[in-house]
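Structural description and commentary
Chain residues, written in single-letter form:
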Amino acid sequence: MTESVLTMEAISGEDSFVELYFEEVEEESPWFDNKGDCQQIDAGVKASCPPVALTVYDVSSKPVSQHLDTPAGEEESYVVTFCREGKIVQETMDLGPEVPKSFQSPEEVKKENMNRPAITPVNTKTQLGSLLEDLELEQHYKEKLSLSEILEIDEKTITEQPAKCHSDLPWYFLKKLMLVNVTARNVACTSECESAPKLDFKNLVNCPSSGDTLNPLDIITALFLCSDGFVQQEMALKMSMCQFSVPLLLPNCDTQQCTLMLWALRDIVKKYRPQSLSQSKGFIEERIVLSELPMISFVRLGECSLSKSEILNKLLSNSQQYHDTFVHHDMECGDSPRRISDGLTEITWYLPCGNKNIDIFSEPVAVANLRGDIASFETQFSFLCQTSAAVFVFFDNLDSECKLLTNQHYKAQIFLVGNHQSRHLSNDAPEKVATKLGFTNNIIIKTKETNDALFVKALRTVVRNVLENSETKMCIEQMADTASKLGILVDENCPECQTAKKNAEEITAKIQNTFKYKKDQLPRQGKIWKELTSLEKEEFRLRKIGSENIETYKSDLQVQKRKLRTEQSSYDMSAAMTCFISAISSPGKERCYFLKWIRMNLDNQSREKLSDLREQYKEKCKNSDNKDEIKDIDRELSNSSLGTEHFFREMGQIYEASISLPETDPSHKQLQHLPKLCAELLLDGFPLELVDGDASNIPLRWVSDVLSQLHDLVSPNNKILVVTVLGVQSTGKSTLLNTMFGVQFAVSSGRCTRGAFMLLIRINDNVKKVLNCDFMVIIDTEGLKSPELAQLDDSHEHDNELATLVVGLSDITIINIAMENSTEMKDILQIVVHAFLRMKEVGKKPKCQFVHQNVSDVSAHEMNSRDRKLLLQQLNEMTQAAAKMEKKEENKSFTDVMEYSPDTGNWYIPGLWNGNPPMAPVNAGYSEAVYELKKNIIQLLGNCQSSANDVLEFKEWMSSLWTAVKHENFIFSFRNSLVADAYMRLCTEFNKWEWEFKKDMYEWVTNSETTISNFGTVAAKSEIAVLKDLVMSLKNEASTVLSKWETKLLENLTKYFKQTERHVHLVEGYKEGFANSAKSLRREMKNSVFHQLTAAAEIKQGMTELDRIKENHTKEIEKAVCALIDQCRKKNVQMSDKELDKEFDKMWHETVQKLSVSEQKATDVFTSVTHYLRLNLLHKGSHASELLSQKHLTDCSHMPFKYTAEGCWKNLKHTIRKCLHSQDHIMMVQQMADSIIDACIEYVTEKMERKYNYHDTYIQEILHMIDERLQNNLNIKTDIEFEVSLKQHICGFAARHFQKMHEDFLHENDASRCLNQNKKKFCADFKDVFYKRDQCQKKAEEFTNQCLKPAVKDIVNRSLGPDIIDEMLTQQQFSTRMSFQYSILLDLFSKNNFENYLSYIHSYEKYVNKWILDQIVTHFSNGAKMYEFEDRHLKSGINSINDAINKAKMKKSGNLKTFVEDICKELGDKLVISQDALGAFMILNNANQEQFAHWLTVSVNEMEQALREDLKKTNIEAKMKHLHVKPQNELFTRVIGCGKQCPFCKTPCEAGGKAHNEHWASLHRPEGLGRYMWKETENLVTDICSSSVISDTHFRCNATKNERHPYKRYKEIFPDWNIPPDVSLQASDYWKYVLAKFNSKFAEAYKAKPADIPSTWKNITLKQAKESLREAFHAK
């Protein structure tokens, strides 16, 4: 070897590196790679030296020298690469061997005359550091890559962008590898040549050479070095599935150490069939590191012209199934120089399938391949020689004295493999070496005449002989000892792994008999848990109740459950569980290692037993006649199965049992940390069992608390989207998910998925913006069974439950189906379609994708067009069948249930394996098709209109879905707090819009009434001359305003349902009901507004004549007074006040005598009311008319109304109703009558307080109220006699009061009385005028007090009502009907008064009315808020008056009368000024306008202060009486809604809007509270209708014509009521508590015997009752 010195001088500090490597430049012959496999070259051609690379970093601007050894006889040529200012410059330079040469960069040659600084040392980076920097993996060399980072869904996951630079390559490889794509090792960056748009010779020539690419082995080595043990394990597993070789010994070229990758290979399980089992069709399945197999190793000594790896690939491949197991020179990037992977020892396995025509070797064999020259890697070579059955040494030039081969004693046979075509091959050396080694037949030479096929055939023969004759077999686990002796590290020897292994073995070493072990160590999940499951489902289904009382039966079930929980709690924690919980509580990686160890150990133990049973099960299932055998095998499978899920299941049961204990119990406190442990494991990537497949149940409390802890751990990043797979057993569902997301659901024969498991995958920040979520939840489910198999173990029900649950939890469901078995597919589709229909009906709309596996034709999509049509046809059939079962027959086709297109909703995926397993790699088409499906799923999720759930919402869905699933009728039983919350929000929004509408209309009506009141006066603003025309104009305007508001409400509704947040999609089914309510509201408001306009016009019309008479009288008096003044003044005598009074009295008496004051006669209101009553009953027939004629209205309502059943037949009917579930009909009718009477009395009272004249619209309104309320209570059967007598009673009362109101009005407005009232004022004015006194101040005060003050008071009273309502609506209790019910029941609870409960139950409307009024009074009792409202309106009124005064001043009319009229006109649209007062003010008024204006302003300010003081002094109750809009009435209307009550327990309907299609209530109560009693015993009934409707019991009532009718079919009788089962078993605890507490008092009040209270009711505490109320109403 000669030595060359290369000196680098004057390199500027800007240069970042210099690369130096040897290169042959004289001839372009192929070169040998001394770091890899050599390419065969023609004999006689000189082999050029391979490049020797060195990278120099951080070079200073001073000359440096580098000494390079050059092989003797080689051309000395160097390529120097400079990087200056971001540009790479390469230059080739020949250097003679005789002289050391100084080399400068091209730029520096030009600067050779410049001063050169002194020499400084060169800072160099290692090859590993250099490569890691290129790959941008330096950070991960210290902080190892974790699985969660690799599996994270990021932009690379969902885009097809090729690798553009070196740093992309590791991620490109990992992405492909996680998808098990056999092209993963093709890791070239996209070059300029590939993207060149046209042919360009320069581009072709200058295209980057292999020097710009990286060898795949370097990338693999770098990734293994930069990954933690779990990533290494996952990579090794996926590489093995791709039939790639995997690292056995991993080198680190920095430390010169290598590591035995025992842990990395531990998860690889292989299944094969040796020749010995080919007859019996048996197979061997075992963990590969535990398999004792002979190993054949292949190494290279020196240079070699044969490509060792390519020969190996051919050796292991059939001619028809060639596969590149090992990377070789002719693969993409395989010719790139290796930088760090020399010394890498790879391993693969050849495993036979049992077919001698296919198998290359009849027995399994491990094949190892060492990269690089064994002369450089003696340790690895020694390891292989000690662990292999044979070592094949490839060489070209063999030194006969080769000490490496001859000096050591190896266990392995050594075979020398040479290439005769090599120019270096010496015939003597191999023989000499063979002689030294003591063998003659161990030399294999490839001659010129031998092609590759013959050569490989010869090699195979040698290998077969070795396998047949060698006894050397060793499993990889045993190799660890050999490795340690040779100084090779073992990856498993880290402390965390060893501690975890020890803990795992402590648990698994004691397992001898699985069934017995589970019984002893995991006792809570077997028989007890299954019994608990059975009891839970019976609680919801009540199948075995017989004739027993429902609530007593349910109470007994609860007692049994409690006993089982107590039994669970009685077990001490087993040693296995203590060790298990302790191990998973350990920090960091240790628990992850532990869970891996225990999973592998358990799999190893159960695999042999289970895989055999599984095969038997599959065979027997082919013939459904073997039912008993199949059942036995299935039971044995369950008993023999033991995995980590069983330990977690036990943990869940330990937790649930501890939670059932009192809070003071030590166990209750000690085990509170368990859910958090499990949540942390979920975040670490371990699956959580959602559904226990063995018991067909979810441990709800356990799973819920784990999810709650998960929510706390990840908040606020807690949004999730869910993807689920469903399909037939053994159709590759788990494999599909594993491939798609890189996860590891159990897929081996020994571990078949039971139940459902969920995994979390993180979403990268960039993708979060697209998906709007933080995690993706993947749910894997057990396979659905065909009906034949399902009948064996009653699992058909379980399959339906499971499908409904997971479809309900999913955002996208993947349906894995096989077209080949159409019958089985039909059965599975029925289950799936059923689940989708159920979800549609409860407001959830998941998307689905159908996946057809094992369809490999490229034209599959086109070819299967007919199959897709057939599938859609079958889906439609299934939909109709499911709709019929669920009684939702409006769903005719699958597209009615969900969005589905046969063209975009189907995916065709080729078979998993490319060839015959076990040697077949995963089909590239499979992973590519799965990747396309994955991208599509992520795109669909990104396009989801609804927002992602957070973890707590997911928990809530799971809980409510499972609760509903446990009922037989899912749709009927489903209740969910998210739906309830979404409905509450919708109600709150709609109520807000509704109130805005009403409030606006109240304001409009107030203004319109003001316009009507001012019509025909000086204040009139309208130019319409006829009142009738004005009213018509206002009605037209009202119609326009009402239509606009209706449109606005409907637009708001549409806009609300377009938003993606707040789960609005869950309540889309209610949209139509709310739209109907908007239309209904407009109709109601129209009627109300028109009524008010008509009434105002009629009142105005009635007043017009009175006002005209009073105005004429006033004018006559004014004339007489003026005449008297003139007369007195003419006397020219000073007259005293007494004399003036006398003259005035005389004049007054004479004038009044002359005035024709005809007293107005009162109308007979009774006649008018009778007329309208007859009109109302006209359509009821002649019998109603006869009944009306029997009694005059004046004789009605003198006594309280009392309904009695008359006649023998009615008594008999009444007696029949006393039987089971029959209510006292008379009492019900009487309660309804009392309620209607109370409402009408309130209406009459309100009208009388206004002191208006009577108008016929009043009685029409009352009759409308009666009809509406009778309509709302159609379930209470009444006859025409009742209706007539009730209406007569109410109309008699109303007529009597309206008659008085009418007469009072006439008396109040009698012209002569009004004149006499003003006599003193006229007399005073007469004296003022006579004496010529200044009247300005006095008249200003008079105008203010008589005209303005009443008008301001009126405007305050008109405006205050809506303000109070506005304020009360900010209170939670009035936001929705549900909130109102919750608040009122909570208030009842706090008062704890029996009378209140009785009043609430039996005089509901009366109680509610009073309660609302009390709430208003309480809220405004301190006066501050009320004063704020009043002051605002007062200021508004005063400001309007001041503005009017100022505007009138500016007109300068000069006439006081005109001045006052101008003020009145300005105020005409705001205030109603009394014409009486104005008329009286105007006469005898000689005040000066300017002075009057001044004093008027002063007087108005004084009035403001006086009114403010008055308002402060007046209490809230007094104020409420004078309000035009009664807040309590508006709030009552709002919370009472439609007014319907449950036909069984009388609970009020809580549905939003008035025109909803269905009535429902959150909480039903024991029927005994509604007076139901048992016929035989007269005990109050404890049954609750929400329980009765799921039982087989019956009811009878008027609606059933007193025939027995099943509760389950109650909708046939009450179709507009929806009475679902309680949201939970505890939901009705509130009313149970109330009845239990006041049992005897209710019995006494109802004249019955106390109810037989179930024992569990007596144990309900105050706290539990309150909690049940909160739960029932979903209160926060």
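Everything here concerns the structure above.
Description of the structure in this document. What you are looking at is a predicted structure, and each value in this text was computed from that prediction instead of being measured.

**With respect to the packing of aromatic side chains**
Enumeration according to the criterion identifies 51 aromatic pairs in this entry. Taking 5.4 Å as the distance between ring centres and 90° as the angle between the ring planes, the aromatic pair formed by Tyr350 and Phe361 counts as edge-to-face. Of this pair, Tyr350 sits in strand E14 (residues 345-350) while Phe361 sits in the loop between E14 and strand E15 (365-373), and the two are 11 residues apart along the sequence. Taken together, the ring pairs connect Phe1389, Phe1394, Tyr1397, Tyr1400, Tyr1404, Tyr1407, Tyr1630, Trp1631, Tyr1633, Phe1638, Phe1642 and Tyr1646 into an aromatic cluster. The ring of Phe244 carries the charged tip of Arg185 above its face, separated from the ring centre by 3.8 Å. Sitting over the face of the ring of Phe283, Lys271 holds its NZ or CZ atom 4.9 Å from the ring centroid.

**Describing the environment of Met1232**
Of note, Met1232 is situated in helix H47 (residues 1225-1250). What makes Met1232 buried here is its relative accessible area of 6%. For the pair formed by Met1232 and Glu1405, sequence separation is 173 residues and the distance between their alpha carbons is 9.9 Å.

**Quick word on unusual backbone geometry**
Ser715 connects to Pro716 through a cis peptide bond whose omega is 5°. Structurally, the position occupied by Pro716 is in the loop between helix H28 (700-714) and strand E21 (719-727). Pro917 connects to Pro918 through a cis peptide bond whose omega is 10°. For Ser1197, which is not glycine, the phi torsion reads 70° and is therefore positive. Relative to the assigned elements, Ser1197 resides in the loop between helix H45 (1182-1189) and helix H46 (1208-1216). Its identity as a non-glycine residue notwithstanding, Arg1571 has a phi of 75°, on the positive side. Mapped onto the elements, Arg1571 comes out in the loop between helix H61 (1527-1536) and helix H62 (1585-1588).

**Structural notes on empty space enclosed by the protein**
Under the definition given, this model contains 17 cavities of 30 Å³ or more. There is about 230 Å³ of room inside the largest cavity. Lining the largest cavity are 19 residues; nearest its centre among them are Ile150, Glu152, Thr157, Leu174 and Lys175. Among the elements that line the lining of the largest cavity, the one with the most residues is helix H6 (residues 169-178), at four residues. Along the lines of polarity and charge, the residues of the lining of the largest cavity split into 10 nonpolar, three polar and six charged.

**Brief notes about the packing of helix H9 (residues 216-225) against helix H10 (residues 229-241)**
Close contact between H9 and H10 brings their axes to 9 Å; oriented N to C, the two are set at 145°. Between H9 and H10 the crossing geometry is left-handed. In this structure, H9 uses Ile220, Leu223 and Phe224 to contact H10, whose residues at the interface are Gln232, Met235, Ala236 and Met239. Along the lines of polarity and charge, the residues of the contact of H9 with H10 split into six nonpolar, one polar and no charged.

**Observations concerning the pattern of salt bridges**
The tally for this structure, following the rule as stated, stands at 57 salt bridges. For the salt bridge of Asp520 with Lys516, the shortest nitrogen-to-oxygen distance reads 3.0 Å. On the criterion of helical spacing, the pair formed by Asp520 and Lys516 is a turn pair, its members being four residues apart in helix H19 (residues 514-521). Overall, Asp520 belongs to the partly exposed group, its relative accessible area being 43%. Where Glu551 meets Lys1632, a salt bridge forms, and the shortest distance between an N and an O atom there is 3.9 Å.

Parameters at a glance
Residues numbered from 1 in each chain as written. Predicted model: local features only at pLDDT ≥ 70, side-chain atom pairs only at ≥ 80, totals over all residues. Heavy atoms only, no water. Phe/Tyr/Trp six-rings, centres within 6.5 Å; stacked < 30°, edge-to-face > 60°. Helix = DSSP H or I, 4+ residues; strand = E, 2+ residues; numbered from the N terminus. Lys NZ or Arg CZ within 6 Å of the ring centre and 35° of its normal. Buried < 20%, exposed > 50% of the residue type's maximum accessible area, 1.4 Å probe, protein only. 1 Å grid on protein atoms, 1.4 Å probe; cavity = no way out; pocket = protein on both sides within 12 Å on 5 of 7 lines; lining within 4 Å. Points joined across faces, edges and corners; volume = space filled by probe spheres on them. Nonpolar A, V, L, I, M, F, W, Y, C, P; charged D, E, K, R; others polar. Axes fitted to C-alpha atoms, helices over the stretch in contact; angles between N-to-C directions. Left-handed = near helix turned anticlockwise from the far one by under 90°. Contact = heavy atoms within 4.5 Å. Salt bridge = Lys/Arg side-chain N within 4 Å of Asp/Glu carboxyl O.

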